[in-house]
Amino acid sequence: MASRLVSVPGVRAVSLGGSRARGTHRPDSDWDLGVYCRGVPDVAALTALASEVQGAPAEVAGPGGWGPWVNGGAWLRVDGTPVDWILRDLDRVEAVWSDCLAGRYEVGVQPGHPLGFWSPAYPGEVALCHVLADPHGDLTALRRATAYYPEPLRAALVEAAWEAEFLVECTRKSSSAGDTLHVALCLSRAFGILAQSLHAHHRVWCLNEKGALAAAAALPDAPPDLAARVGEVLRGLDPAAVERASELVRSVRSALAPGGGEGPDGTDGRQGADGREGPDG
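## Examining the pattern of salt bridges
Between side chains of opposite charge, a pair can form as their charged atoms come close. Under the criterion given, the structure shown has 15 salt bridges. Between Glu-52 and Arg-4 there is a salt bridge, with the nearest N and O atoms lying 2.9 Å from each other. Here Glu-52 is found in helix α3 (residues 43–54), whereas its partner Arg-4 is found in helix α1 (residues 2–5), with 48 residues between them in sequence. Two residues, Arg-38 and Asp-138, come together in a salt bridge whose shortest N-O distance is 3.3 Å. Here Asp-138 lies in helix α6 (residues 138–145) and Arg-38 lies in the loop between β2 (31–37) and α3, a separation of 100 residues in the sequence. In this structure Arg-38 comes out as partly exposed when scored by relative accessible area, which is 25%.

## Here we look at α6
Along α6, the positions that sit buried rather than exposed are Asp-138, Leu-139, Leu-142 and Arg-143. The buried residues of α6 occupy an angular sector of 125 degrees when the element is viewed end-on, so they sit on one face. Packing partners of the buried residues in α6 comprise β1 (11–17), β2, α4 (90–101), α5 (121–128) and β7 (130–133).

## Focus: the confidence of the model for the protein
Averaged over all residues, the pLDDT of the protein is 90; the fraction at 70 or higher stands at 92%. Per-element confidence in the protein is highest for α4, whose mean pLDDT is 98, and lowest for helix α2 (residues 18–22), whose mean pLDDT is 82. Between residues 260–281, whose pLDDT stays under 50, and residues either more than four places distant or in other chains, the model counts 58 contacts.

About the criteria used
Residues numbered from 1 in each chain as written. Predicted model: local features only at pLDDT ≥ 70, side-chain atom pairs only at ≥ 80, totals over all residues. Heavy atoms only, no water. Salt bridge = Lys/Arg side-chain N within 4 Å of Asp/Glu carboxyl O. Helix = DSSP H or I, 4+ residues; strand = E, 2+ residues; numbered from the N terminus. Buried < 20%, exposed > 50% of the residue type's maximum accessible area, 1.4 Å probe, protein only. Arc of directions from axis to C-beta. Contact = heavy atoms within 4.5 Å. pLDDT = per-residue confidence, 0-100.

Here it is as structure tokens:
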């Protein structure tokens, strides 16, 4: 399928991503294929190919069809197996990588991402992927580069934890007034930011909200029982829960303070998305 995809005008490379690339998949997990393009791909040709491999009419969303960051793609079933094609603009991914090298990132509004789409997910996806087809070598070169977690990005994402403390303070009056929506939104975002900061502290790519809390809780320096304590706070959403949230934020920010500069295995930042060494070893 990957070799046929790269024959479509505009498609430059195809990767395997998601849980199957990380080796954390279940038997019923989807197969996620990143379809990297330059310019606007031939959507009609993609639709014809999707319909052929599925054995039934398929719909392919072109660039922007699924939102400004996830971009577009298709949800297919091939021989009963779910296969997702996810379009990525390779020029934009490379531009985001350049920003990351300079310590710049953004968080964009994106359907399906309640905490927003954090732009470092683009290079993180490349860092953990398996390249399936790359006739021009573009994706392979970028994957090699993203084996190094940029120190400026690490510093910027660790510094982002200040907002978690600010958000908790914003909930104090709301929790007393019983405004559970505002409290839930603020505290959920606060914990999402802490997960991003903890990952960055250890030079581990964090791609989205799914599994981010459990992964952060397993990292060195995470407060004991972090995931369980976050769950307790989000079930409470009252003034007592806000105080517990404040304590958690202080604990994480203390762990992120200067002095914990090495990665979880004492490396110098040469790591892939899951904290292991990059493709060059």
